[in-house]
Structures are given as structure tokens and as C-alpha cells.
Amino acid sequence: MEYVIIAVLALLGLAIAFGLLLGFASVRFRVEGNPIVEQIDGMLPQTQCGQCGYPGCRPYAEAIADGDAINKCPPGGQSTVEALADLLDLEALPLEGGVEEEPVKTVAYIREDECIGCTKCIQACPVDAILGAAKLMHTVIETECTGCDLCVEPCPVDCIDMLPVETTLNTWKWDMPKPGVQLIVTDRRGEISEEGAA
Amino acid sequence: MSTQFSFHGGVHPPENKHRTTGLSVQTAPIPAELVVPLSQHIGAPSEIVVAIGDKVLKGQVIAEAAGRISVNVHAPSSGTVVAIEKRAVPHISGMQAPCIIIETDGEDRWIEHQGLADYHTLPKQELIDFVRHHGISGMGGAGFPTDVKLHLGDDHIVNTLVINAMECEPYITADDMLLREHSDKVIKGIEVIAHLLQPSHVMIGIEDNKPQAIRALELAAKETKLNLDIVVVPTVYPSGGEKQLIKLLTGIEVPTGHIPADVGIVCQNVGTTAAIYDAVFDGIPLISRIVTLAGEALAQPHNMRALIGTPLEVLLEAAEINQNALYRLVIGGPMMGFTVESQSIPMIKTTNCIIAASYEEMPPAPPANPCIRCGICEQVCPAELLPQQLHWFAKGKEFDKAKQHNLFDCIECGACSYVCPSNIPLVQYYRFAKSEIRNEEAEQRKADHARIRFEARQARLEQEKADKEARRKQRAADAAKAQAVKKDKAATSPDSDKAKSGEPDLKALKTAAAVSRTKLKKAQKALQNAQDKELDGQDKLKATVAELEVKAEAAQQAFDQAQNAPAPAAPVLDIKQLKTNAAVARTKLKQAEKALDKAETSGEGDIEALRVKLSEQQAKTVAAQAAYDNAESGGVAANSVSNEKLEGLKADMEAALGKVNKAQKALDTAIEGNSPAVEKMKAGVEKLQAKYDTLKAEYESTQNLAPTAAVAVSSEQVADLKADMDGMAAKVEKAQKALDVAVESGSPAAEKMKAGVEKLQAKYEAAKDEYEKAISPLNSVPLSIDLEGLKADIEALSGKVQKAQTALAAAQSSGSPAAEKMKAGVEKLQSKLDDLHQEYAQAGGQLPEPEPEVIDPKALKQQVSIMRTKLKKAQQALETANEQGDAEDLSELNAEVERLTSLHDEAKAAFDAYEKTQVDKAAAEGIDLKQLKIDAAMARAAVTKAERAAKKAREEKVEDLSGIEQQLVVAQQEAEHLNQTLSRFTD
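Parameters at a glance
Residues numbered from 1 in each chain as written. Chains lettered and ligands numbered in written order. Predicted model: local features only at pLDDT ≥ 70, side-chain atom pairs only at ≥ 80, totals over all residues. Heavy atoms only, no water. Helix = DSSP H or I, 4+ residues; strand = E, 2+ residues; numbered from the N terminus. Buried < 20%, exposed > 50% of the residue type's maximum accessible area, 1.4 Å probe, protein only. Contact = heavy atoms within 4.5 Å. Areas by Shrake-Rupley, 256 points an atom, 1.4 Å probe, with all protein chains shown as cover. Phe/Tyr/Trp six-rings, centres within 6.5 Å; stacked < 30°, edge-to-face > 60°. Pairing = 2+ DSSP bridges. Salt bridge = Lys/Arg side-chain N within 4 Å of Asp/Glu carboxyl O. Patch = residues over 30% accessible without salt bridge, like charges linked within 9 Å, V, L, I, M, F, W, Y side chains within 5 Å. Lys, Arg positive; Asp, Glu negative; His and termini not counted. Charge placed at Lys NZ, Arg CZ, Asp CG, Glu CD. Expected span 1.5 Å × (residues − 1). Bend = angle between axes of the 7 residues up to and from the residue. Axes fitted to C-alpha atoms, helices over the stretch in contact; angles between N-to-C directions. Parallel < 35°, antiparallel > 145°, perpendicular 65-115°, else oblique. Left-handed = near helix turned anticlockwise from the far one by under 90°. Nonpolar A, V, L, I, M, F, W, Y, C, P; charged D, E, K, R; others polar. Buried area = accessible area lost by both parts, 1.4 Å probe. Polar contact = N/O pair within 3.5 Å; in protein donor to acceptor, adjacent residues only side chain to side chain. Arc of directions from axis to C-beta. Core = buried A, V, L, I, M, F, W, Y, C linked by side-chain atoms within 4.5 Å.

1. Regarding the overall build of chain B
So, step 1. Looking only at helices and strands, chain B has 30 helices and 17 strands in total.
So, step 2. Taking all 987 residues of chain B together, the buried fraction comes to 42%.
So, step 3. Looking at chain B alone, contacts between residues at least 24 apart form 74% of all its contacts between residues at least 6 apart.
So, step 4. Within the structure as shown, chain B displays about 52,900 Å² of accessible surface, and the carbon and sulfur contribution to it stands at 53%.

2. A short note on the packing of aromatic side chains
All names here are of chain B.
So, step 1. For the structure on display, the rule yields six aromatic pairs over all chains.
So, step 2. Summarising the aromatic geometry, the rings of Tyr119 and Phe281 are spaced 5.7 Å apart at their centres and angled 80 degrees between planes, so their arrangement reads as edge-to-face. With a gap of 162 residues between them, Tyr119 in the loop between β8 (96-104) and α1 (124-133) and Phe281 in helix α7 (residues 270-282) connect regions that are remote in the sequence.
So, step 3. Residue classification places Tyr119 among the buried residues on the basis of a relative accessible area of 4%.
So, step 4. A network of ring pairs unites the aromatic residues Tyr119, Tyr277 and Phe281 as a single cluster.

3. Topic: the sheet that holds strand β14 (residues 302-307) of chain B
All names here are of chain B.
So, step 1. If you walk across this open sheet you meet the six strands as β1-β14-β13-β17-β15-β16, and the pairing is mixed. Bordering the open sheet on either side are β1 (26-27) and β16 (338-340), each of which pairs with just one other strand.
So, step 2. Of the pairings in the sheet, the one linking strand β13 (residues 288-294) to β14 comprises six bridges and is antiparallel in character. Bridge pairing in β14 links Ser288 to Leu307.

4. Details of the pattern of salt bridges
So, step 1. Scanning all chains against the criterion turns up 30 salt bridges over all chains.
So, step 2. In this structure, Arg68(B) engages Asp147(B) in a salt bridge whose closest nitrogen and oxygen atoms are separated by 3.8 Å. With Arg68(B) in the loop between β5 (61-64) and β6 (73-74) and Asp147(B) in helix α2 (residues 146-150), this residue pair connects regions lying 79 residues apart in the sequence.
So, step 3. For Arg431(B), the salt bridge goes to Glu412(B), with nearest N and O atoms at 2.7 Å. Residue Arg431(B) is located in helix α13 (residues 426-492), and its partner Glu412(B) is located in the loop between α11 (399-404) and α12 (415-419); the two are separated by 19 residues in the primary sequence.
So, step 4. Through salt bridges with shared partners, one network takes in Glu38(A), Asp41(A), Arg58(A), Glu62(A), Asp448(B) and Arg451(B).

5. Focus on a negative patch on the surface
So, step 1. Negative charge collects at one region of the surface, where Glu82(A), Asp86(A), Asp89(A), Asp400(B) and Glu440(B) lie side by side.
So, step 2. Here Asp86(A) is to be found in helix α4 (residues 77-88).

6. Examining helix α4 (residues 174-197) of chain B
Residues and elements named next belong to chain B.
So, step 1. End to end, α4 covers just 26 Å across 24 residues, shorter than the expected 34 Å (1.5 Å per residue, more than 12% under).
So, step 2. At His182, α4 shows its maximal bend, which comes to roughly 95 degrees.
So, step 3. Among the 24 residues that make up α4, 18 are buried, leaving the element largely enclosed by the rest of the structure.
So, step 4. Just downstream of α4, Gln198 is the residue with a positive phi angle, here 50 degrees.

7. Overview of the sheet that holds strand β12 (residues 265-269) of chain B
Residues and elements named next belong to chain B.
So, step 1. Taken together, four strands build an open sheet; the order of strands is β11-β10-β9-β12 and the sheet is parallel. Across the chains shown, the open sheet's two edge strands, defined by having one partner strand only, are β11 (228-233) and β12. With direction set aside, neighbouring strand axes in the sheet form an average angle of 25 degrees.
So, step 2. Pairing of strand β9 (residues 160-164) with strand β10 (residues 201-207), which is carried by five bridges, proceeds in the parallel orientation. If you follow Asn164 over to β10, its bridge partner there is Gly205.
So, step 3. Contacts between α4 and the sheet are confined to β9, β10, β11 and β12, with β9 contributing the most and set at about 160 degrees to the helix.

8. Things to note about the packing of helix α2 (residues 35-43) of chain A against α4(A)
Residues and elements named next belong to chain A.
So, step 1. Two elements in contact, α2 and α4, have axes separated by 10 Å at closest approach and are oriented at 160 degrees. Relative to α4, the element α2 is oriented roughly antiparallel. Seen from above, α2 lies across α4 with right-handed handedness. Packed against α2, whose contacting residues are Ile36, Gln39, Ile40 and Met43, the element α4 presents Thr80, Ala83, Leu84, Leu87 and Leu88 at the interface.
So, step 2. Grouping the constituent residues of the contact of α2 with α4 by class yields seven nonpolar, two polar and no charged.

9. Notes on the interface of chain B and chain A
So, step 1. Contacts between the two partners involve 36 residues from chain B, matched on the other side by 41 residues from chain A.
So, step 2. With both chains or domains summed, chain B and chain A bury close to 3,200 Å², and 58% of this area falls on carbon and sulfur atoms.
So, step 3. When the buried surface of chain B facing chain A is broken down by residue, Arg453(B), Phe454(B) and Arg457(B) rank first, second and third, together holding 18% of it.
So, step 4. Seen at the junction of chain B and chain A, the total is seven salt bridges.
So, step 5. The partner of Lys173(A) in a salt bridge is Glu436(B), with the nearest N and O atoms 3.2 Å apart.
So, step 6. At the boundary of chain B with chain A, the tally comes to twelve residue pairs in polar contact (both at pLDDT 80 or more).
So, step 7. For the side of chain B that touches chain A, the elements supplying multiple residues, two or more each, are α10 (387-395) and α13 of chain B.
So, step 8. No other element matches α13(B), which puts 18 residues into the side of chain B that touches chain A.

10. Section: a positive patch on the surface
All names here are of chain B.
So, step 1. A surface patch of like charges, here positive, comprises Lys510, Arg517, Lys521 and Lys525.
So, step 2. Relative to the helices and strands, Lys521 resides in helix α15 (residues 502-532).
So, step 3. You can call Lys521 partly exposed: its relative accessible area is 46%.

11. Digging into the side chain of Thr21(B)
So, step 1. Positionally, Thr21(B) belongs in the segment before β1.
So, step 2. Residues within four places of Thr21(B) in sequence aside, it is in contact with Thr173(B), Asp176(B), Met177(B) and Arg180(B).

12. Remarks on the pairing of β12(B)
Residues and elements named next belong to chain B.
So, step 1. Of all five residues that make up β12, five are buried, and the element is covered over most of its length.
So, step 2. With burial as the criterion, each face of β12 is covered, one bearing Ile265, Cys267 and Asn269 and the other bearing Val266 and Gln268.
So, step 3. Direction of pairing for β9 relative to β12: parallel, over a ladder of five bridges. Bridge assignment links Ile163 to a residue of β12, and that residue is Gln268.

13. Some thoughts on helix α3 (residues 57-65) of chain A
Residue and element names in this part refer to chain A.
So, step 1. Taken together, the buried positions of α3 are Cys57, Tyr60, Ala61, Ala63 and Ile64. The buried side chains of α3 occupy one side of the element, clustering within an arc of 160 degrees when seen end-on.
So, step 2. In this structure, the buried residues of α3 make contact with α2 and α4.
So, step 3. Just past α3, the residue Gly67 takes up positive phi, approximately 110 degrees.

14. Things to note about the nonpolar core
All names here are of chain B.
So, step 1. In this structure, Ile190, Ile204, Ile206 and Val280 are the most contacted members of the largest nonpolar core, which totals 55 residues.
So, step 2. Looking at this core, the element that brings in the most residues is α4, giving eleven residues.
So, step 3. With residues up to four places along the chain from it excluded, the contact list for Val280 reads Gly115, Leu116, Tyr119, Leu127, Phe130, Val131 and Val192.
So, step 4. Counting residues in each nonpolar core, the second largest holds 23 residues, with Cys377, Leu385, Leu407 and Ile424 among its members.

What follows is the structure, encoded as C-alpha cells:
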């Protein structure tokens with residue numbers, strides 16, 4: 001009987017000691033905010049376009065952390081959805097709205113002859129990529145533009161175009177090799193001769 | 001010297017080099033058009049420094065280095081810049097890039113250029129800049145700016161300089177030929193580099209398939225003092241790869257993600273060293289290079305020194321191309337080069353080989369088969385990677401995993417593809433994966449950048465919002481403060497504010513004062529009425545009166561204060577008094593007129609004296625009327641006898657007199673000349689005369705205001721007072737005598753009589769005072785005071801008489817001897833009292849009817865309406881009671897209603913009677929009261945209208961005012977007349 005009491009007391013003491021330790025640690029090493037939000041935010045394209053229904057990428061990241069769907073980011077495309085699925089160990093849903101292909105990167109372009117200098121697009125731009133002053137022509141700083149389209153709607157004279165980003169020698173990408181055409185051996189000759197004739 | 005080191009893997013593709021080594025290096029023809037891309041090197045494109053139309057000389061800088069990693073671009077030959085535009089450039093994508101297009105003039109004229117006499121004496125930085133300015137970039141493959149590599153000695157310990165003379169790719173023999181022909185240049189170029197980097201050891205790596213080049217090098221190397229080794233290595237592809245070469249020569253492996261300088265090694269291509277030699281010793285920039293033209297489609301494959309920017313077709317022509325045999329045009333070697341479609345593409349600094357291949361030579365890649373996991377690729381990979389794994393990852397777009405498997409260590413040598421039994425384009429997969437990863441990273445960087453900007457913007461907006469809010473609060477606080485200050489000011493100096501706005505306020509104040517006075521009077525009347533008739537609500541009325549009194553006083557005070565100006569102490573004349581004066585004067589005038597008429601008709605009396613009296617009276621009347629008018633119309637004249645005003649009036653009067661005289665003269669002349677306008681002129685003269693009279697009257701009234709007012713109290717009055725006084729004096733004397741007698745006789749009433757005498761004496765003195773006041777020209781004693789005084793006298797006297805009688809009775813009963821005398825005294829007193837009574841009657845008869853006898857129509861009307869209201873209320877209560885069937889109340893209420901009905905009827909009857917009397921009174925004189933009222937109102941309106949017109953005319957400075965003024969005068973007269981008539985019936 002004595003041994004039982006000693007064992008119980010010893011365990012009780014240990015439990016109290018570790019409980020205090022854990023309690024202290026939870027206070028002392030408290031993590032501010034949800035670290036997963038940072039990771040999710042890092043994966044989002046940061047266009048701040050609001051197409052997900054949230055006012056910016058970070059709010060959407062927070063919403064995802066709280067359990068919102070991960071397929072609401074058209075600028076990020078399917079790759080973002082997949083990355084998020086990997087990170088959160090979720091099923092990679094198809095992009096909402098059914099956009100299958102990779103989104104075309106665009107950049108805003110102001111037709112400067114038509115600009116009346118109303119500054120409305122400047123106020124709309126989430127990343128301060130539009131330069132100009134009242135009653136003076138505005139222009140888009142191309143390298144800062146995220147292509148979010150938010151400036152198009154407020155323009156009273158519709159002088160903003162969203163142009164696809166032009167590929168330069170520096171941004172040119174190799175294509176994925178076309179998957180090998182499965183030919184039977186007898187077709188092989190014909191295919192070659194055909195090309196040779198061409 | 002040969003090496004004992006080796007690198008992993010490698011392949012042995014057919015070399016195909018022998019065909020181009022047979023001929024010496026030819027000089028390529030100068031093309032008609034040179035296309036010089038701005039970006040022939042890795043790094044930032046150079047910046048154009050020429051314009052279209054500029055003449056350029058050979059070796060002239062046409063684009064300058066922009067940024068750290070960049071080099072100059074020079075004109076390869078002399079000519080004219082004809083265009084700066086995008087052209088297809090040697091790139092795997094076949095895309096276009098900005099190029100300077102020079103139309104050559106064929107003269108190939110050099111710009112002045114000079115090498116360095118002794119580069120050893122030059123600071124290293126200047127030497128490096130010299131190299132940079134001569135446009136030298138790596139000529140082996142990537143085209144990395146050479147000057148950057150020459151700087152490596154600054155922050156790295158460079159032990160070994162490795163010179164790459166391997167040229168491991170099949171077909172290419174450009175370096176081989178360079179070494180065969182210009183090995184001395186190469187060695188001297190190495191010396192320059194060694195001077196800059198100060199390596200302890202220089203190694204030239206060269207494959208054993210170039211024996212002639214090795215020999216030439218060894219010959220040239222004998223002259224150098226450098227610790228230089230020419231290392232001949234077995235031919236294996238890709239021994240020319242930088243890292244592979246380093247491994248091969250030194251056994252050192254350059255770690256992943258590091259450059260050779262990190263392990264103390266710098267690697268340069270032999271072509272680059274030769275270019276450095278050209279630049280440093282001859283001042284020749286990098287405008288040409290040796291390029292191998294190979295391929296079965298060429299009849300004359302050989303090496304050529306060609307100008308940078310020469311279109312491929314020119315070179316191919318020079319090599320006698322057979323276009324029909326050409327199947328594929330490849331820039332670079334067969335292993336790492338790329339196919340281009342156009343022959344107009346220019347050659348650039350890194351173009352070491354052009355292969356014009358026939359179909360048989362380079363057949364299309366056979367279709368790829370599935371990977372059989374044979375693992376041969378792994379065995380040949382010089383970078384010791386797992387090509388097969390990388391292939392899977394790239395195909396599955398698992399780029400992270402590909403990266404983890406060191407995809408970026410792949411040198412894309414193509415050995416794996418070369419050996420792949422399934423013909424899988426492995427290198428293409430790796431390139432794809434690499435570019436995808438790079439792209440993703442770029443996007444990530446951009447996203448991070450965007451996030452930073454977004455967050456900065458959010459922070460800025462929030463700050464702005466906070467600032468705005470703070471400013472708003474600040475403004476509100478300021479406004480509140482300002483308001484408080486304003487209030488304080490207003491509280492401390494209200495007088496000054498009022499004084500500032502004095503002029504416009506005056507009228508308003510006057511109106512306010514008048515209104516409050518009127519209200520007060522009304523209320524007083526109502527109260528009086530109520531008191532007289534013992535009506536209900538007297539308390540309320542009293543309170544109202546008190547309130548109004550206070551208000552009226554305040555208003556009057558405010559007005560007085562505002563008026564202050566020239567004569568604040570001047571007594572405000574009682575308008576009523578003045579009015580009375582005027583009326584009295586008028587009456588007297590009439591009397592005098594009547595007397596005169598009488599005298600004239602009867603021919604009796606002193607008519608002359610009467611006339612004088614009449615004219616005097618007339619003047620007085622006019623003066624009194626004017627004084628009254630003045631007082632009423634603003635009281636300016638009444639307030640003070642202002643000299644200025646007087647003078648102004650005098651001047652006006654004189655002017656008017658002058659006008660009258662003039663007009664009279666004109667009239668006289670007209671009459672003499674029998675002018676037809678005589679009638680009109682006469683009227684005009686009369687008008688002028690009237691005007692003059694008015695002015696004169698005004699002047700006089702102003703001048704004699706106070707005296708006339710006093711005079712207006714009238715001589716009769718004064719005489720009465722004098723008589724009164726004299727009577728009193730006599731009384732006092734008599735009483736004194738009586739007293740004396742009483743005292744002498746020791747009458748017990750003597751004491752009492754003495755008191756009576758004293759009282760009489762006081763009375764006398766009061767009367768005397770009154771008289772003096774009346775005759776004093778500066779005093780306008782109200783007539784009513786006389787009356788009051790008389791009344792008081794009478795009362796006092798009657799009291800005395802009674803006392804005296806009582807005393808007499810006492811004396812008689814006691815058998816006093818003074819009783820007789822006392823009796824006489826009492827009689828005298830009695831007679832005095834009678835006299836006073838008469839006097840009083842006389843004075844009262846001359847004055848208006850006392851107040852109680854005047855019927856106030858307004859009060860009557862009010863009474864009627866009050867009664868009506870009360871009656872209605874009572875009737876309502878009765879009805880309610882009827883409905884509720886309360887018997888007791890019913891009877892009470894009935895009684896009340898009856899009582900009220902009778903009261904109401906009474907009041908109504910009184911009012912009706914009054915009205916009837918008025919109407920009758922008017923009717924008696926043949927006047928319709930209603931019509932009269934309307935006429936009077938119309939006349940008043942006409943006066944107002946005329947006044948306005950006159951005012952307007954004056955404001956607009958219309959010269960001929962006489963017409964308007966005349967109208968005004970006429971209208972005023974009419975209105976006055978009607979008002980007077982009306983006032984007789986309504987007052």
C-alpha cells in the first residue's frame with residue numbers, strides 16, 4: 001500500500017512539474033500570429049487584385065488558414081492551387097471559374113493621349129504603380145504593375161488597356177518538349193520521309 | 001604535360017573537325033550591311049550612343065556599357081548608321097532584339113586607335129577599364145564580360161589561371177586555328193591577364209586532338225616568364241566545360257553554386273586572351289572573331305575572321321553554300337548549339353561556329369520513346385547528376401524536386417541525350433525545368449516586391465487617415481477656441497460693437513422703443529379699463545404692464561444711448577406736450593382771427609393792434625406746429641438747437657427767398673409783357689412762396705424752439721397763475737391778521753390758526769413758484785400741473801376752512817372774545833375757497849375732458865370680445881353638463897350663462913353706442929366715417945409714396961426736385977386734413 005502511495009505521489013509531483021514547465025513555455029515562447037498565414041501569403045501572387053473576394057492577398061491567406069477554399073486565386077493559376085494543396089495537405093481543386101490554362105500575365109497600359117488626369121486609377125492601384133498628378137497625364141510603371149486590373153474600372157475615359165506582358169530575350173522560356181509520339185516501327189520511316197520531302 | 005585527373009562521364013561524339021582545318025583562316029568579306037545587336041554578352045544591353053544617319057568609323061564606339069556587367073559595342077567597319085531597330089538575333093527563341101544597322105562604305109576606315117605602350121606601368125583598374133572599353137567579353141560560349149573576371153583578383157586569392165583551349169565540341173576548329181596561327185598573341189594575352197590576377201600558376205588545357213596547336217603553343221610559351229603549363233588532355237566531350245576542365249587540370253571540384261574563383265581559380269578562353277592582346281597591344285576593340293564554317297552543305301568549309309554583325313548568309317556565301325543541300329543551319333556546335341531559321345541573322349562575339357548541315361548529317365530527332373531506366377545517362381553525365389530522375393521531375397513539373405536534385409548544376413552538355421536509347425530530348429526537359437524555375441523565382445521576387453509596396457501603401461493610407469483625423473480634431477479645437485475668444489470679446493465690449501453699428505441701429509432702436517411704448521400704453525389702458533370695471537384677470541394685466549414698463553424703459557434707454565451724439569443731455573421733448581401747444585396755438589389763432597373779423601365788421605377797437613396780434617399768433621402757431629412736426633419726425637431739431645442745422649436752414653431759406661424774388665420779378669416782367677404763361681408763372685411763384693414760408697417756419701421753430709414752447713403756454717395761463725398767486729398772498733395776509741387778533745385775545749385756537757397760516761404761506765409760495773415757472777421762457781410747464789395745483793389748493797383750503805370753523809365753534813362755545821374775529825377769518829377763508837373753486841372750474845373748462853369721461857373704443861371692443869369668449873366657454877360647459885345630465889351643475893351653469901349673456905350684451909351695447917355716436921357725430925357734419933377712414937388711409941399712402949419718390953430722386957440727384965416736392969406737399973396737406981377730421985371722431 002505504501003508503495004502505491006509513493007508511486008502516485010511521485011507521478012503527481014512529476015505531472016505538476018511538467019505542467020508548470022509547459023505552462024511557462026507556452027507563455028514565454030508564444031508565437032504571435034499564425035505562421036501558416038505567412039507561408040500561404042508567400043505562395044499567393046500578390047497582385048492584390050481582390051478576385052478571391054478578399055481585399056488583398058494577405059486577407060485571403062488568412063481566410064485560407066481559417067478554412068476557406070484554396071482555388072479562388074485566378075492570377076495564381078492552377079500551380080498556386082497545387083502549391084497550396086501541398087502545403088495544407090488538401091485536395092488540389094480545379095481553379096474556381098474553370099480557368100484551365102495558366103493565366104496570361106498582363107500589365108496595365110495608359111493611352112496617354114486620352115488620359116485626362118483624373119487620378120482615379122492612382123487611387124485604385126494597390127501597389128502605387130501609377131504615376132501622375134491631377135490634370136496631368138498618368139503612366140504605369142511597368143515593372144511595378146501586377147496586372148490586377150483594378151485601375152481599368154475606375155477610368156472615366158477607358159484609356160487603360162491590359163496588355164499581355166511581352167516576352168523578351170530575358171523572359172523567354174523553353175517549352176516543354178512535346179511528349180514523344182508513340183509510333184510503331186513501321187510508321188517511323190514514313191514519318192521521316194514525309195518530313196524530308198517537306 | 002599530361003594530367004592524372006579526370007572528370008566523371010563524358011562521351012565521344014564524332015569530331016568532324018578535319019574538314020575545316022585544312023585551310024588557313026580567311027578574312028570574311030565586308031558585308032553591305034552590318035547588324036550589330038546591343039546585347040551580345042551576358043548582362044545589361046549596352047546603350048546606344050549614335051543616331052540614325054551618323055557616320056561611323058571602324059572601331060568607333062556605337063553603344064556604351066550600361067551597368068556593372070556590360071561592355072562597349074564598336075562599329076565593325078566604317079559606314080553610316082541607317083537604322084536602329086529590332087532584328088532577329090542568334091538566340092534559341094529566334095526572337096528579335098534591338099540592333100544597330102550600319103551600311104558599310106567599303107572603305108573600312110579605322111578610327112584612331114592605339115594600344116598601350118607598356119601595360120605594366122598602368123594601374124590595374126585603368127588596364128581593366130581599357131579592356132572593358134574595348135568590348136571584350138568571353139568568346140567561349142556564354143559571353144561573360146571579361147573585365148569582371150579580371151577583377152576577381154580584388155576579392156579572391158587567385159592561385160591558378162586556367163586557359164581553356166579544349167574546344168571539345170565536334171566541328172569547331174576556331175580556337176585550334178587561332179592557336180596554330182597566333183599562339184604568340186594568346187601567350188601575350190595570358191601575360192596581361194596574369195599581370196592583373198597575379199596567379200602563381202597558369203595552366204593551358206588543350207585536347208590531344210590538336211597537335212599542331214599544341215606545338216605552336218609550346219613554341220610561344222618558351223618566351224614567357226610565367227609559370228605556365230600546357231596540359232594536354234585526352235579528347236572527351238565535354239572537357240571544355242569550365243568546371244570539368246578545372247577538375248581535369250587541378251582535380252578540384254567547384255562546389256555547387258560557387259564560381260571557380262571561390263576555389264582560387266580563374267578560367268579564360270584562348271579566344272578571349274587573343275582579343276585582350278589585340279586590345280592592349282594594338283588598341284583594336286573586339287569587332288571581329290574567328291568563326292568556323294562547317295557542314296556538308298558548304299563546298300568550302302573553313303575558318304574565317306569575320307566582322308561582328310556580319311549576316312550569316314554573307315559568310316555562307318563565302319563558304320560556297322549549296323542551298324539545296326542545306327537542311328539545318330546551326331549556330332554553335334552540334335551538341336550545344338541551336339538551330340536557326342533565318343540566314344540573315346548576324347554573327348556575334350560568341351559565335352564560334354556555323355554549321356550548314358545536310359539532311360543526312362543532322363537528321364531530325366527521332367520520336368522520343370519512354371524512358372527505359374537504362375541509366376546510361378547517369379554514366380555519361382559530367383556533372384554527376386541523375387539525368388533520368390531530373391527528366392521525371394521536369395516532366396511531372398515537380399520543379400522543387402528537380403532543384404533538390406541539383407538541376408542547376410547541369411551544364412546542358414547534351415551527353416545524356418546523346419546516349420539515350422529512347423531518344424528522349426533530356427536537355428530540353430532540363431532547360432524547360434530551369435526556365436520554369438527561374439520564371440517562378442522571378443515571379444516570387446515580383447510578388448514579394450508587390451507585397452512590400454502594397455503594405456507600404458496600406459500603411460501610408462492609414463497614416464494619412466490618422467493624420468486627417470488628427471487635423472480635423474485640431475481644427476475643431478481651434479474653432480472652439482476661436483469661438484470662445486469671440487464670445488469673450490463680445491461680452492467685454494458690447495458697447496463698442498453697438499457704437500460701431502450705431503447709425504443703422506438708431507432707427508431700429510427707435511422703432512423698438514416706440515413699439516414698446518405703444519404696447520405699454522395699450523396694456524395700461526386695458527388695465528385701467530379692467531380696474532374701472534372690476535373685470536377678471538387684473539393681476540395678469542398688472543404683471544404684463546410691469547413687464548412692458550421695464551421693456552419700454554429699456555428700449556427707450558437703448559435708443560437714448562444710441563442717439564447720444566451731439567446733445568445727449570438735451571431734454572427729449574414731450575411730443576404730446578408739443579402737440580397740445582400746437583393745438584392751443586391754432587385755437588388762439590382762430591380766436592384772434594375771429595376777433596379781428598368782428599372788429600373789422602363792426603369797425604370798433606384797435607384793428608391795427610389786433611392785426612399785429614394776429615400775425616404774432618400766426619407765427620407762434622406755425623412755430624408750435626413746426627416744433628411738433630420736428631419732434632415727431634425724428635426729434636433731431638427738438639433735441640438740440642444745432643447751429644449747423646440752423647445755418648443750413650437759414651441758407652435754404654435765403655436761397656428760397658432768392659428764388660421767390662427772382663420768380664416774382666419774372667412774373668412782373670411777364671405781366672408787363674402780357675405773356676401767356678403768366679398764370680403758370682403765378683402758380684410757380686406761389687409754390688415757391690409756400691416753400692419759402694415752410695422753410696422760414698422751420699428755421700424759426702428751430703431757432704426759437706424752447707422760447708416758443710414756453711410762450712405757447714400762453715399769456716392767459718400766466719395771468720391766471722398770477723391772479724392765483726396774488727389771491728394767495730392776500731389770503732395769507734388775512735390769515736396772518738386773524739392769527740394776530742387771536743393771539744392778542746389769547747384764544748386757545750391761536751396755535752391752530754398759526755399752523756393754518758403757515759400752511760397758507762407754503763401754498764402761496766408754491767403758487768408763486770408755479771407762476772415763475774410759467775413765465776420763465778425756458779420752462780414749458782404742463783397745463784395739467786396748474787390744474788393739479790389748484791385742486792390741491794382747494795383741498796388744502798377746504799381743510800383749513802373746516803379747521804377754522806371747528807376752531808370758531810370751539811371759541812364761541814367757550815365764550816371767547818376772539819370768536820367774532822375768528823368768524824370773520826373763517827368767512828374770508830370760505831370766500832377764498834370759493835374763489836379757488838371758480839378758478840379751478842375755469843381752468844378745467846379750458847382743458848380737455850378728464851379721463852373717465854373719455855370712452856376708449858378699443859377697451860370697449862376688448863371688453864366685448866372677452867365677454868363673448870367667456871360666454872362661449874360657459875355655453876360649452878353647459879352643453880357638456882347637459883349631456884352628462886348633472887342637474888345641480890346645470891342650474892348653476894345656466895345662471896352663469898345668463899349672467900354672462902347680460903354682461904356681454906351690456907358691453908356690446910356700450911361699444912355699439914359709442915360707435916353709433918361717432919358715426920352720428922360724423923353724419924351730423926355730413927361725413928361718412930367709413931369713407932373718411934378709407935380716404936385718410938389713401939392719403940397717408942399717397943404721402944408715403946411721394947416721400948419715397950422724393951427720397952429716390954434725391955439719392956439719384958435729380959436736379960428738378962420741385963415737381964416731386966410739390967406733389968409731396970400737396971399729399972401731406974391732404975393727409976393732414978383728413979387725419980384731423982378723422983381724429984375728431986375717433987380719438
